[in-house]
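Chain by chain, the residues:
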Amino acid sequence: MSLTVYNTLTRQKETFVPLNPENVRMYVCGMTVYDYCHLGHARVMVVFDMIARWLRQSGHPLTYVRNITDIDDKIIARAAENGETIGELTTRFIAAMHEDADALGVIRPDVEPKATEHVAQMIAMIERLIANGKAYAAENGDVYYAVREFPAYGQLSGKSLDDLRAGERVEVDSFKRDPLDFVLWKAAKPNEADFWPSPWGNGRPGWHIECSAMGEQLFGDTFDIHGGGADLQFPHHENEIAQSCGAQGHCHTHEVNGKLIDSHVKYWLHNGFIRVDNEKMSKSLGNFFTIREVLQKYDAEVVRFFILRAHYRSPLNYSDAHLDDAKGALTRLYTALKNTPPAEFDLSNDANDYTRRFFAAMNDDFGTVEAVAVLFELALEVNKTGDAHLAGCLKTLAGIIGLLQRDPAEFLQGSAASDGLTNAAIDALIEQRKQARADKNWAESDRIRDVLNAENIILEDGAGGTTWRRG
């Protein structure tokens, strides 16, 4: 089965054909590290982790790059506000980002380039853009990309230059030749301590040039996949195409309905937005959640499962009700594995209808919705039959997308909230209840069950004794 992916550039699904089958290259825009990662970052991390896992599962040798933006207006402002250096701020939040990603079961990218380590490459790319007539240095020390000099501008986002220019006005005191031009190099302000020397004076790179330069440095003129959130499609990724094509003087060419579309990247992949209770997540609306805030209330695998059971391109609506539902659903899958310990399952030799449908779903533009549905069908059959081989199939397929790899009891029993019963206290109460039942002290047995029920502890009495899980 061949993999098809939805290419934002061509607005259609295409069969994935790597430029070099021996080295598939994927670049994803990472975080700007001035604060804790939020749910939008969680979705990018989990989605492209899933994509990387599936590419490798499909036999594609993959180099996965996700950059770190560690110089930016927001970073400079936050460091000044905190009275610390930019390096101190970014080092702290890079560590926090890794903690959050690790909790969500995200495998670290192969390379995590920092913008500050590639400024020389950015300066060199800007010099090439100027030499190619695609950029110009302004009198104030800034350097701008001349959007009019790239006729294909707007092809990724579907915006025409005429539409973009409609209603645009040149800002007062602007040094741009055209309102659409964007900054490649920013002259240092008098109070900025972090800057780099350049042919245009001290300053720092603009945000858009960072990814073009790092992508080219690591992958060359063209590579297979560029990913990121839908919010980056315009202007960030649109500007990347303009910069990379402008600096190189050529681009990879796609033909769609007889029309040639140019880009240095063959496949552009974008994940959908996160909404909160059907509203856009934003600090101004007061519905802005960091990953850490959510993980105080929900198990990290529940959050990962919540993200993966929606299609990566669809909007994802966050609410406590949806997270509670995801927790219940994941609990059902783990309960099947608890009741029927899985046997070893070899995908290469033990293929069945479940594995075929799971693979078909994932090969259809990473269709995790249908793939997760297959997992639930498997769990239902495992519950009916107690078949350890099918339980092994369930665990193996789920493991491909980073789910169901823990001991079921560890997930189902979890950990107590700060004011809740510890696992040891629950076990002690269950022993007391067992003794009360043996003594035929039904009133005491019922009292203990009521205490546990009040703590949302669910008891399951069976032939092998009493087990429990947190509700």
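As the structure is a prediction and not an experimental result, all values here were calculated from the model.

## What about the side chain of Arg-470?
Looking at where Arg-470 falls in the secondary structure, it is placed in strand 17 (residues 465-470). Here Arg-470 occupies a buried position and makes no salt bridge, while the nearest side chain of opposite charge, Glu-455, is found at 6.3 Å. Within the structure, the side chain of Arg-470 is placed 2.5 Å from the backbone oxygen of Gln-413, a separation counted as a polar contact. Of the polar contacts made by the side chain of Arg-470, one reaches the side chain of Asn-423; its length is 2.7 Å.

## Comments concerning the nonpolar core
Generally speaking, nonpolar side chains in soluble globular proteins are found buried as a group. Ranked by internal contacts, the top residues of the largest apolar core, which has 132 residues, are Met-26 and Phe-358. Residue contributions to this core peak at 12 residues, all from helix 1 (residues 39-57). Contact partners of Phe-358, with chain neighbours within four places excluded, come to Trp-54, Ala-371, Val-374, Leu-375, Leu-397, Ile-400 and Ile-401. Core analysis: the second largest hydrophobic core is formed by eight residues, Ile-426, Ile-457, Leu-459 and Trp-468 among them.

## Some thoughts on the UniProt feature "binding site: Zn(2+)" (unreviewed entry) in the protein
When the UniProt feature table is mapped onto this chain numbering, "binding site: Zn(2+)" (unreviewed entry) sits at Cys-29, Cys-211, His-236 and Glu-240. The annotated residues occupy 212 residues of the chain but converge on a single region, no pair of C-alpha atoms lying more than 11.1 Å apart. In the annotated group above, the largest pocket draws its lining from Cys-29. With respect to the element layout, Cys-211 can be found in helix 6 (residues 207-219). When near neighbours in sequence (up to four residues on either side) are disregarded, Cys-211 contacts Tyr-27, Cys-29, Asn-67, His-236 and Glu-240. Counting through the fold element by element, His-236 comes out in helix 7 (residues 233-248). Discounting chain neighbours no more than four positions away, the residues touching His-236 are Cys-29, Trp-207, His-208 and Cys-211.

## So, the UniProt feature "binding site: ATP" (unreviewed entry) in the protein
When the UniProt feature table is mapped to this numbering, "binding site: ATP" (unreviewed entry) covers Lys-283. On the secondary structure map, Lys-283 appears in the loop between strand 14 (279-280) and helix 8 (291-295). We classify Lys-283 as partly exposed; its relative accessible area is 47%. Non-local contacts of Lys-283, meaning those with residues more than four positions away in its chain, are made with Asp-35 and Phe-288.

## Describing the sheet that holds strand 14
To summarise the sheet geometry, strands pair through backbone hydrogen bonds and adopt either a parallel or an antiparallel arrangement. Spatially, the three strands line up as an open sheet ordered 14-13-15, and their pairing is mixed. Taken across any chain shown, the strands that pair with only one partner, and hence form the sheet edges, are strand 14 and strand 15 (316-318).

## Thoughts on unusual backbone geometry
Pro-235 follows Phe-234 through a cis peptide bond whose omega is 5 degrees. Topologically, Pro-235 is positioned in helix 7. Of note, the phi angle at Asn-278 is positive, near 70 degrees, even though the residue is not glycine. By secondary structure assignment, the location of Asn-278 is in the loop between strand 13 (274-276) and strand 14. A positive phi angle, near 60 degrees, is found at Leu-404, a position not held by glycine. Relative to the helices and strands, Leu-404 resides in the loop between helix 13 (388-400) and helix 14 (408-413). A residue is classified by how much of its surface remains accessible, and Leu-404, at 0% relative accessible area, is buried.

## As for the pairing of strand 7 (residues 182-187)
Here strand 7 lies mainly inside the structure; five of its six residues are buried. Across three bridges, strand 6 (residues 143-145) lies against strand 7 in antiparallel orientation. Within strand 7, the residue paired with Val-143 across the bridge is Trp-185.

## Overview of the layout of surface pockets
Taken as a whole, the largest pocket spans an internal volume of roughly 1000 Å³. The wall of the largest pocket is formed by 31 residues, among which His-38, His-41, Lys-74, Asp-231 and Leu-232 lie closest to the centre. Among the secondary structure elements, those contributing two or more residues to the lining of the largest pocket are helix 1, strand 9 (223-229) and strand 13. Sort the elements by how many residues they give to the lining of the largest pocket and helix 1 lands first, with three residues. Taken together, the residues of the lining of the largest pocket break down into 14 nonpolar, 10 polar and seven charged.

## Re helix 11 (residues 353-363)
Since one α-helical turn is 3.6 residues long, residues separated by three or four positions face the same way. For helix 11, every residue scored as buried is listed here: Tyr-354, Thr-355, Phe-358, Phe-359, Ala-361, Met-362 and Asn-363. Turning to helix 11, the residues buried within the fold contact strand 1 (4-7), helix 1, helix 12 (368-385) and helix 13. A side-chain oxygen of the first residue of helix 11 lies 2.9 Å from the backbone nitrogen of Tyr-354; this N-cap is Asn-352. Note on helix 11: the residue one or two positions beyond its end, Asp-365, has a positive phi of about 55 degrees.

## Concerning the pattern of salt bridges
Following the criterion strictly, the structure yields 28 salt bridges and no others. Notably, a salt bridge pairs Arg-313 with Asp-365, separated by 2.9 Å at the nearest N-O pair. On the criterion of sequence distance, the pair formed by Arg-313 in the loop between helix 9 (300-308) and strand 15 and Asp-365 in the loop between helix 11 and helix 12 is long-range, its members being 52 residues apart. What makes Asp-365 buried here is its relative accessible area of 0%.

The rules behind the values
Residues numbered from 1 in each chain as written. Predicted model: local features only at pLDDT ≥ 70, side-chain atom pairs only at ≥ 80, totals over all residues. Heavy atoms only, no water. Helix = DSSP H or I, 4+ residues; strand = E, 2+ residues; numbered from the N terminus. Buried < 20%, exposed > 50% of the residue type's maximum accessible area, 1.4 Å probe, protein only. Lys, Arg positive; Asp, Glu negative; His and termini not counted. Salt bridge = Lys/Arg side-chain N within 4 Å of Asp/Glu carboxyl O. Polar contact = N/O pair within 3.5 Å; in protein donor to acceptor, adjacent residues only side chain to side chain. Core = buried A, V, L, I, M, F, W, Y, C linked by side-chain atoms within 4.5 Å. Contact = heavy atoms within 4.5 Å. UniProt positions renumbered as here; feature names shortened; annotations may be inferred. 1 Å grid on protein atoms, 1.4 Å probe; cavity = no way out; pocket = protein on both sides within 12 Å on 5 of 7 lines; lining within 4 Å. Pairing = 2+ DSSP bridges. Points joined across faces, edges and corners; volume = space filled by probe spheres on them. Nonpolar A, V, L, I, M, F, W, Y, C, P; charged D, E, K, R; others polar.

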